[in-house]
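# Chains, contacts and geometry: an overview
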Amino acid sequence: APGRVIFSGIQPTGVPHVSIELNLSAFCFANEIAQLGNYLGALSNWVKLQKTAAPDDELLFSIVGWHALTLPQDPETLATSRRDLLATLLAIGLDPKRSVLFHQDHVCAKLSGRDPFLSLSQNQAHTELAWILNCITPIGKLRRMTTWKTRLAASRNANNESEVDESLLNAGLFTYPVLQAADILAYRATHVPVGEDQTQHLELCRDLADIFNRTFPSSRPLFHLPSQLNTISRRILSLRDPTSKMSKSSPDLQSRILLTDTEAQIKSKIRSAVTDSIVGITYDPVARPGTSNLLTILAACTDDDVSEVVRRYEGKGHGHLKEDVAEAVEEMIKGPRAEFERIRHETAFLEEVARSGAEKARDRSEITMTQVRERLGL
Ligand code: ADP
Ligand code: NA
């Protein structure tokens, strides 16, 4: 059997540039690299995959800057975040010799030693395929996306629930799951290691691959239907509102732990995590989401089963648990954090990694795009 093609992506930032945040210093934005949920739900799996993959498995990991544009971004911060996120991927142990690390939006024309026109025209796989897929996507499917429904709900007029404030919505927010499908299908990926929050988007991706194959049939279907690779499936919740997921996109900076947080910041965020007033520690995600989230984090950091962790807290309370969670998180991220501080200043090295990654990604996606255009008659 041929090797797997494993593709995944992460947004360089997702923090809305809303007015309440404008009071905060730019420093807060510049450090929005990756949060604990990204690491435990996805990035740590990428590193594990790199260790366990067969020699003929292809690994592609992308920093998806175009997705970040669905929310307002500060250009300078976005530029810093893109570079810092690449440094983060290297800091957690991804090896650019084994895995293709690249920017989705990388303009090859900027890269040295290539015919700028040729490079530019060959590097539009993601946007070109996204447009083509948009044209075969029934909008009903996009309306059913939970992420879209959440955005719609958030933009409903506070006084009149039935009215949506359309000025808060852009077309990119509606259609970015299609861009995500293009990201995956451009490499004809067979496996996609993403967190549980992405399951519905991946289903859409499979739907679109299938619609494309049926709309433009030939002796062999062009796209594989990629499957979700949940090495370990975990959903890490917001520390402040444990009914929603921890995300870079939340305006509440206390709701997430960043891989760049200091020990003191970690302690303070965990201490103020919302739990409940029930005595004792039990794992019950429905009735006790905050407490259960802390147990999930602890189990993930120490590589234990949740049930095993719960047993240790018999007769103990939230104070104990929070102290241990903070310690375990610090223990887990202190290595990558130090590596990140070192690598982020190696500008020439980072540029070289990005350049060679973009070239490999372009060469790989161009094989797909040649066939896509042929089938469409373009
Ligand atoms: P964010 O919401 O922080 O901007 P991204 O959309 O960039 O995250 O997602 C990057 C990866 O991290 C995806 O594979 C996604 O499934 C995973 N991920 C994001 N948030 C969480 C979470 N709270 N728990 C588990 N995995 C998550
Ligand atoms: Na997101």
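Since the model is a prediction, treat every value here as computed from it, not as a measurement.

### Remarks on the overall build of the chain
Within the chain, the regular secondary structure consists of 16 helices and five strands. Considering the chain as a whole, with its 378 residues, one finds that 40% of them fall into the buried category. At a minimum sequence separation of 6, the contacts of the chain that also span at least 24 residues come to 75%.

### Observations regarding the site of ligand 1
Gly37, Gly41, Ala42, Val194 and Gly195 are the nearest of the 20 residues found near ligand 1. It is helix H3 (residues 36-52) that contributes the most residues to the shell around ligand 1, four residues altogether. Per-class residue counts for the shell around ligand 1 are five nonpolar, 10 polar and five charged.

### A look at the domain arrangement of the chain
Domain annotation of the chain identifies domain 1 (5-236 + 347-376) and domain 2 (261-340). Put simply, the parts of the chain that give the side of domain 1 that touches domain 2 at least two residues each are H3 and helix H5 (75-91). Per-element tally for the side of domain 1 that touches domain 2: the top contributor is H5, with three residues. When grouped by side-chain class, the residues that make up the side of domain 1 that touches domain 2 number six nonpolar, one polar and one charged.

### Description of the environment of Glu331
Tracing the backbone shows Glu331 in helix H15 (residues 318-343). Here Glu331 falls in the exposed class, since 12 other C-beta atoms lie within 10 Å of it. A sequence separation of 118 residues divides Glu331 from Asn213, and the C-alpha atoms of the two residues are 47 Å apart.

### A look at the packing of H5 against H15
Two numbers describe how H5 lies on H15: the axes approach to 8 Å, and their chain directions differ by 130°. Judged on the interaxial angle alone, H15 and H5 are oblique. The two elements H5 and H15 meet at a crossing, and its hand is right-handed. When H5 is examined against H15, the residues Ala87, Thr88, Leu90 and Ala91 are found in contact with a partner set consisting of Pro336, Glu339, Phe340 and Ile343. A breakdown of the residues in the contact of H5 with H15 according to their chemical character gives six nonpolar, one polar and one charged.

### A closer look at unusual backbone geometry
A positive phi is found at Arg188, a non-glycine position, where the angle reads about 45°. For Arg188, a count of 19 C-beta atoms within 10 Å translates into the label partly exposed. Of note, the phi angle at Asp303 is positive, near 60°, even though the residue is not glycine. You can see Asp303 is positioned in the loop between helix H13 (289-302) and helix H14 (306-311).

### Quick look at the pairing of strand E2 (residues 58-63)
Of all six residues in E2, six are buried; the element is thus mostly enclosed. Of the two faces of E2, both are covered, the one formed by Glu58, Leu60 and Ser62 as well as the one formed by Leu59, Phe61 and Ile63. Where strand E1 (residues 5-10) and E2 come together, six bridges link them in parallel fashion. Bridge pairing links Ser8 to Phe61 in E2. Alignment of E2 against strand E3 (residues 100-103), held across four bridges, turns out to be parallel. Residue pairing across strands places Ile63 opposite His103, the latter belonging to E3.

Rules behind the numbers
- Residues numbered from 1 in each chain as written.
- Chains lettered and ligands numbered in written order.
- Predicted model: local features only at pLDDT ≥ 70, side-chain atom pairs only at ≥ 80, totals over all residues.
- Helix = DSSP H or I, 4+ residues; strand = E, 2+ residues; numbered from the N terminus.
- Buried ≥ 20, exposed ≤ 12 C-beta atoms within 10 Å, placed from the backbone.
- Contact = placed C-beta atoms within 7 Å.
- Near = placed C-beta within 6 Å.
- Nonpolar A, V, L, I, M, F, W, Y, C, P; charged D, E, K, R; others polar.
- Domains from an automatic or database assignment.
- Axes fitted to C-alpha atoms, helices over the stretch in contact; angles between N-to-C directions.
- Parallel < 35°, antiparallel > 145°, perpendicular 65-115°, else oblique.
- Left-handed = near helix turned anticlockwise from the far one by under 90°.
- Pairing = 2+ DSSP bridges.

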